[in-house]
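Chains, contacts and geometry: an overview
Residues per chain are reported as follows:
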Amino acid sequence: MDKAIFLCSICNISSGSCAEDCGFCTQSAKHHADIQKYKYKDIEQIVLEAKNATNYGALGFCLVTSGLGLDAKKLSFVCEAARAVKAELPNIHLIACNGLASVEQLKELKNAGVDSYNHNLESSRFFYETICSTHSWESRYQTCLNVKESGLTLCSGGIFGLGESKEDRASFIQSVKELSPQTMPLNFYHPNPALPLHAQPLSEQEALDIIAEVRAALPNTMLMVAGGREITFKNKQCDIFGAGADAIVIGDYLTTKGQPPTQDLEMIEKLGYKIAKSCHA
Ligand code: SF4
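Parameters at a glance
- Residues numbered from 1 in each chain as written.
- Predicted model: local features only at pLDDT ≥ 70, side-chain atom pairs only at ≥ 80, totals over all residues.
- Heavy atoms only, no water.
- Axes fitted to C-alpha atoms, helices over the stretch in contact; angles between N-to-C directions.
- Helix = DSSP H or I, 4+ residues; strand = E, 2+ residues; numbered from the N terminus.
- Parallel < 35°, antiparallel > 145°, perpendicular 65-115°, else oblique.
- Left-handed = near helix turned anticlockwise from the far one by under 90°.
- Contact = heavy atoms within 4.5 Å.
- Nonpolar A, V, L, I, M, F, W, Y, C, P; charged D, E, K, R; others polar.
- Near = heavy atom within 4 Å.
- Salt bridge = Lys/Arg side-chain N within 4 Å of Asp/Glu carboxyl O.
- Buried < 20%, exposed > 50% of the residue type's maximum accessible area, 1.4 Å probe, protein only.
- Expected span 1.5 Å × (residues − 1).
- Arc of directions from axis to C-beta.
- Pairing = 2+ DSSP bridges.
- Right-handed = clockwise from strand over helix to strand, strands pointing away.
- Phe/Tyr/Trp six-rings, centres within 6.5 Å; stacked < 30°, edge-to-face > 60°.

**Focus: the packing of helix H1 (residues 43–55) against helix H2 (residues 72–88)**
Running from N to C, H1 and H2 cross one another at 45 degrees; their axes reach a closest spacing of 9 Å. Taken together, the axes of H1 and H2 lie oblique to each other. Handedness of the H1/H2 crossing: right-handed. Across from Ile43, Ile46, Val47, Ala50 and Lys51 in H1, the residues of H2 making contact are Phe77, Glu80, Ala81, Ala84, Val85 and Glu88. For the contact of H1 with H2, a count of residues per class yields eight nonpolar, no polar and three charged.

Printed below as a string of C-alpha cells:
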C-alpha cells in the first residue's frame, strides 16, 4: 500500500491557568481541572522532546501555549524555543499554537523558524458561542486569515463530540474548507469531570463517519487525528486511515496521555502503510 502516514508531536510549553472559559478545555482556570500547570517549560526539555519525537519518525513538532494569545514575553519565549529546536533539528517542521495572533506576531514567529501556525476554529460559529463566552469565533477566524497573510502555512481544525448537531458539524467543516488549511487537526472530546460539557460520547462509527465527511469536503487537506484518538476509537483506531486520515499526533497530548508511540508505529506497520519521511511527500 502506497499511503504514507504523517506523524506529528505536540509540546505544551506553557500549561494551564488560562483566563478563557472554553468548555472543552482543562487548561481554563475557570474549570479547576486537576492538571499540571507551569508558566514556561525549560528550553532544554523542549529540545529533548523534539528530538525524541523525531526519533519515532515525527516530522512535525508543535509548540503550544495556553491562553488567549501572545503578549511580548510569551512571543519572545516561543521564538526562543523555536530557534533552539531549529538549531538542533533544522529539518523539523515547526508549528506554533499560541492562540489569537496578529500578522506582525506571526511574522516574528516565522523569522524565528516557525513553519506553520495552528489555530482551530473548534466548531461552528453558532455552536462555539454556546461553549465559550470570553472570546468570539470570529476572532479565531480572523487569526486564521492572519496566518495566511503572514506567509506561514495554516493548520486549522477543531473538536468533535461536544454535543454539537450534525448541522453544526457541516457548518464548521464548510468554514474550515473556506480557509483551505494545509492541515486540519481532528480532535475528539476527552471528558473530564471538571468540565461543564457532558455530551453523549461519540460511537467509534460516528467518529469514523466524521473523518469520512471531512475527507470528502477537503480532499486536498492533510487530516490529522489528534486528541481523544485512543478513547474515541478504541480498538477501531486502525480504521481511521481507511476513513480518510493521513496523519496522527503521537505521544502525549496537552493534558492527557497518549498511547506509547511504539504502539502507533506497530499499528501503522501492521496495516501495511509507510511512515512519511518528508512533509512534501
Ligand atoms: S482552548 Fe485555549 S483559550 Fe480556550 S481555555 Fe483552553 S487554553 Fe484557554
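Picking up where we left off.
**Some words on the site of the ligand**
Cys18, Glu20, Cys22, Phe24, Cys25, Ser28, Ser66 and Gly67 make up every residue found near the ligand. Among the residues making up the shell around the ligand, the classes are represented as four nonpolar, three polar and one charged.

**Focus on the pattern of salt bridges**
All chains considered together, the criterion is met by eight salt bridges. Between Lys41 and Glu49 there is a salt bridge whose closest N-O contact spans 3.0 Å. Note that Lys51 is salt-bridged to Glu88, the shortest N-O span being 3.1 Å. With Lys51 in helix H1 and Glu88 in helix H2, this residue pair connects regions lying 37 residues apart in the sequence. For Glu88, a relative accessible area of 45% gives the class partly exposed.

**Examining H1**
With 13 residues, H1 ought to run about 18 Å at 1.5 Å a step, and its terminal C-alpha atoms sit 19 Å apart, in line with that. Looking only at H1, the buried set comprises Ile46, Val47, Ala50 and Ala53. Taken around the axis of H1, the buried residues stretch over an arc of 120 degrees, which confines them to a single face. The outward face of H1, more than 90 degrees from its buried face, is lined by the exposed residues Glu44 and Asn55. Packed against the buried residues of H1 are strand E1 (4–14), strand E2 (60–65), H2 and strand E9 (247–250). One or two residues past the end of H1 sits Gly57, with phi positive at roughly 100 degrees.

**Observations regarding the pairing of E2**
In terms of residue burial, E2 counts as a mostly covered element, since six of its six residues are buried. Here E2 shows two buried faces, one formed by Gly60, Cys62 and Val64 and the other by Phe61, Leu63 and Thr65. Note: E1 against E2, six bridges, orientation parallel. Residue Cys11 lies in a different strand from E2, and its bridge partner there is Leu63. The β-α-β motif built from E1, the intervening H1 and the parallel element E2 has right-handed crossover chirality.

**Thoughts on the packing of aromatic side chains**
A complete count under the given rule lists six aromatic pairs for this structure. A centroid spacing of 4.2 Å and a plane angle of 40 degrees characterise the contact between Tyr40 and Phe77, whose relative ring orientation is tilted. On the criterion of sequence distance, the pair formed by Tyr40 in the loop between E1 and H1 and Phe77 in helix H2 is long-range, its members being 37 residues apart. Since its relative accessible area comes to 26%, Tyr40 is described here as partly exposed. On the numbers, 5.6 Å between centres and 65 degrees between planes, the contact of Phe241 with Tyr273 is edge-to-face. Pair noted here: Phe241 is in helix H9 (residues 240–243) and Tyr273 is in the loop between helix H10 (261–271) and strand E10 (274–275), with a separation of 32 residues, a long-range link. Side by side, Phe241 and Tyr273 carry an identical accessibility label, which is buried. Through pairs of rings, three or more aromatic residues link up here, namely Phe160, Phe172, Phe188 and Phe233.

**A look at the packing of helix H5 (residues 137–150) against helix H6 (residues 166–179)**
Taken N-terminus to C-terminus, the directions of H5 and H6 make an angle of 25 degrees; their axes are 10 Å apart at the nearest point. In terms of orientation, H5 lies roughly parallel with respect to H6. Between H5 and H6 lies a crossing of right-handed hand. Contacts between H5 and H6 involve Trp137, Tyr141, Cys144, Leu145 and Lys148 from the first element and Ser175, Glu178 and Leu179 from the second. For the contact of H5 with H6, a count of residues per class yields five nonpolar, one polar and two charged.

**Section: the pairing of strand E3 (residues 93–97)**
Of all five residues making up E3, five are buried, and the element is well covered by its neighbours. Burial along E3 is two-sided: the residues His93, Ile95 and Cys97 and Leu94 and Ala96 are all buried. As paired strands, E2 and E3 are joined by five bridges and run parallel to one another. For Leu63, the partnering residue across the bridge sits in E3 and is Ala96. Following the chain from E2 across H2 to the adjacent parallel E3, one finds a crossover that is right-handed. In the sheet, E3 pairs with strand E4 (residues 116–118) via two bridges, with the strands oriented parallel.

By themselves, these observations are geometric and do not establish any function.
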